[in-house]
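Next come the chains, spelled out residue by residue.
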Amino acid sequence: MKQIKRFKRVLVANRGEIAIRIFRACSELGIRTVAIYSEEDNTSLFRTKADESYQLGKGKSPVDAYLGIDEIIEIARAKGVDAIHPGYGFLSENPDFAQACEDAGIEFIGPTAEMMNQLGDKIQSKLVAEEVGVPTIPGVEAAIRSEDEAVEFADKCGYPVILKAAAGGGGRGMRVVRDKADIINEYRTAKSEAAKAFGNDDIFIEKYLENPKHIEVQILGDKEGNIVHLFERDCSIQRRHQKVVEFTPALCLTEEQRAAICEDALKIARHVNYRSAGTVEFLLDKHGNHYFIEMNPRIQVEHTVTELVTGIDIVQAQIKIAQGYTLDSDEIGIRGQSDVNVRGAAIQCRITTEDPANGFAPDTGTIELYRSASGFGIRLDGGNGFTGSVVTPYYDSLLVKITASALTFEDTRRKAIRALKETQIKGVKTNIGFLLNVLNHPDFIAGRCDTGFIAANPELLD
Ligand code: ADP
């Protein structure tokens, strides 16, 4: 029997819906929860959902408050915290944070700093994929150092190409270049934007695939090297490279394609002995070929769809793995790949406080009326959705995630539509009408949408 370290207190170094999601998992496991919050989040719901909460980041910007590694570790130490869950965004993919936790004797609920170094950077992780024989999109092997290198690559492989920030995330730090006349300028802009947004101006370049599908595979690994996949999600419905609606199973895949993609995801995860939850992302071209694009070493916004079809609580699994339980232990109960089974379908819609009629500009203000959906087959993961809550401009505009599940994709779609219609929000603008247009579109019904779907259908914004 391996050493098990039972957690008594877990701190969540995050905010909003994902903080609440993690507090719930901890509470169910009998673990006391600790929140940290910025001054701007003083009235946010998530801090009251924790057993204890502490303000931090005085004098810092609203986002920087959640990025202060030393301050977070200090609070964790002072409050007797055993482990820290980073959620997504903020410090979740920062190897220095994972290392700082380890150095302080606090368990980081996620992969090790070394695994993050190997996989968190998009150039590095492509090299890992190539090493294990998983197809990648043709591109350069290292960060490009000059405009000339960008021009040379594009001339060789042909336009369009895409410039990407090695440290980019959340759909940011990418520029598509269709014409030779633009490449030098785009390269310079990409570099300065990356330096500002990610503190790292490494840029690489690869072939741009026209309207692929985005298919990703959920991975779970323990500290003993046991790794399983939890099948795929189709996240092709994107606006400006950011996911809007995600679902599983991916209707476009044959059983052979599904097996091949999941096996390739496992190859990459096994190569680094991956532990905790992670996602291996692929693009699928028109011919059904898949190419690895990156691995996200953290929990993702869309993990809910996978939980609903597999019945596996991914956040609880992360916590148990961090405590030292193996996948096949009685606590986790996944004795092998054949224990992971999919039943039915699930669709997640991200309700945001954005105005589709105004270029999806974030809206702010007081929510005057909030009535949520409920009922059979509907799961809600929210942050600040309640009457009287104030939507501020400081953080992302995700208000609540509605995840519907049923035995067939069509029944799931109908449930999601019913739930979106049931949701009433007054006082701030939301994208609910837009989401309904997406779910009612014939391409969505047929599971045909690719990453160009929203741009190609401007009527969705009406
Ligand atoms: P992020 O880390 O910001 O989420 P990703 O590398 O995962 O960035 O890419 C996000 C999205 O950008 C993809 O789902 C896809 O729509 C688009 N994309 C990225 N690389 C390419 C490419 N080479 N060709 C076409 N689309 C791409």
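Worth saying up front: this structure is predicted, and the values here are computed from it rather than measured.

Undergrad: Can you walk me through the sheet that holds strand β13 (residues 290–296) in this structure?
TA: Across a sheet, paired strands are connected by hydrogen bonds in the backbone, their directions being either parallel or antiparallel. As summarised here, the arrangement of the eight strands in space is β13-β12-β9-β10-β11-β14-β21-β19, forming an open sheet in which the pairing is antiparallel. The sheet is open, and its two edges are formed by β13 and β19 (378–382), each paired on a single side. Here the average twist between neighbouring strands, direction ignored, is 25°. Where helix α11 (residues 314–323) meets the sheet, its contacts fall on β9 (213–221) and β12 (276–284), and the angle it forms with β12 comes to roughly 130°.

Undergrad: How do you make sense of the nonpolar core when you look at a structure like this?
TA: One recurring pattern in soluble globular proteins: nonpolar side chains tend to sit buried together. Core analysis: the largest hydrophobic core is formed by 79 residues, its most contacted members being L11, I84 and A265. The greatest single-element share of this core, amounting to seven residues, is contributed by helix α1 (residues 16–28). With residues near it in sequence (within four places) discarded, A265 still touches V217, I219, H229 and V280. Within the second largest apolar cluster, 27 residues are counted, among which are F247, V305, F444 and I454.

Undergrad: Can you help me understand the UniProt feature "active site" (unreviewed entry) in the chain in this one?
TA: Per the UniProt record, the feature "active site" (unreviewed entry) sits at R298. Its location among the elements puts R298 in the loop between β13 and α10 (303–310). Setting aside residues no more than four positions away along its own chain, R298 makes contact with P86, Y88, S92, E93 and G110.

Undergrad: Which parts of the structure should I look at to understand the sheet that holds strand β7 (residues 174–177)?
TA: If you walk across this open sheet you meet the three strands as β7-β6-β8, and the pairing is antiparallel. Looking at the sheet topology across the chains shown, the edges are occupied by β7 and β8 (203–207). Strand-to-strand twist across the sheet, computed as the mean angle between neighbouring axes with direction ignored, equals 20°. Bridge analysis of strand β6 (residues 161–165) against β8 gives five bridges, and the strand direction is antiparallel. The residue bridging V161 from the neighbouring strand is K207, located in β8. Its contacts with the sheet place helix α8 (residues 183–198) against β6, β7 and β8, and it is angled at close to 25° to β6.

Undergrad: Would you mind going over the site of the ligand with me for this structure?
TA: Close to the ligand lie 20 residues, the nearest being G169, L209, H214, H241 and T451. Residues of the shell around the ligand, tallied by class, amount to eight nonpolar, eight polar and four charged.

Undergrad: Even after reading the chapter, I still don't get α8, so can you show me in this structure?
TA: For an α-helix, 3.6 residues make a turn, and residues three or four places apart therefore share a direction. Compared with an ideal rise of 1.5 Å per residue, which puts 16 residues at 22 Å, α8 spans 21 Å between its outermost C-alpha atoms and is within 8% of the ideal. By the burial criterion, the buried members of α8 are I183, E186, Y187, A190 and A194. Across the axial projection of α8, the buried residues extend over an arc of 100°, all falling on one side. Exposed side chains of α8 directed beyond 90 degrees from the buried face belong to N185, S192 and K196. Those residues of α8 that are buried lie in contact with α7 (147–157), β6, β7 and β8.

Undergrad: It is not clear to me how the pairing of strand β11 (residues 242–248) should be interpreted in this structure. Could you clarify?
TA: Remark: a regular strand shows side chains that alternate across the two faces of the sheet. With six of seven residues buried, β11 lies mostly within the body of the structure. The antiparallel pairing of strand β10 (residues 227–239) with β11 creates a hairpin that spans two residues between the two strands, and R240 there sits at a positive phi of about 50°. As judged from the four bridges shared by β11 and strand β14 (residues 345–352), these two strands associate in the antiparallel manner. Bridge assignment links E246 to a residue of β14, and that residue is Q348.

Undergrad: Where do I start with the packing of helix α12 (residues 409–422) against helix α13 (residues 432–440) in this structure?
TA: Any two packed helices are characterised by how steeply their axes cross, that is the angle between the axes, and by the distance between the axes. For the pair α12 and α13, the least separation of the axes is 10 Å and the interaxial angle reads 160°. By the criterion of interaxial angle, the relationship of α12 to α13 is roughly antiparallel. Crossing angle aside, the handedness with which α12 passes α13 is left-handed. Judged by residue contacts, R413, A416, I417 and L420 of α12 engage I432, L435, L436 and L439 from α13.

Thresholds, definitions, all that
Residues numbered from 1 in each chain as written. Predicted model: local features only at pLDDT ≥ 70, side-chain atom pairs only at ≥ 80, totals over all residues. Pairing = 2+ DSSP bridges. Helix = DSSP H or I, 4+ residues; strand = E, 2+ residues; numbered from the N terminus. Axes fitted to C-alpha atoms, helices over the stretch in contact; angles between N-to-C directions. Contact = placed C-beta atoms within 7 Å. Core = buried A, V, L, I, M, F, W, Y, C linked by C-beta atoms within 7 Å. Buried ≥ 20, exposed ≤ 12 C-beta atoms within 10 Å, placed from the backbone. UniProt positions renumbered as here; feature names shortened; annotations may be inferred. Near = placed C-beta within 6 Å. Nonpolar A, V, L, I, M, F, W, Y, C, P; charged D, E, K, R; others polar. Expected span 1.5 Å × (residues − 1). Arc of directions from axis to C-beta. Parallel < 35°, antiparallel > 145°, perpendicular 65-115°, else oblique. Left-handed = near helix turned anticlockwise from the far one by under 90°.

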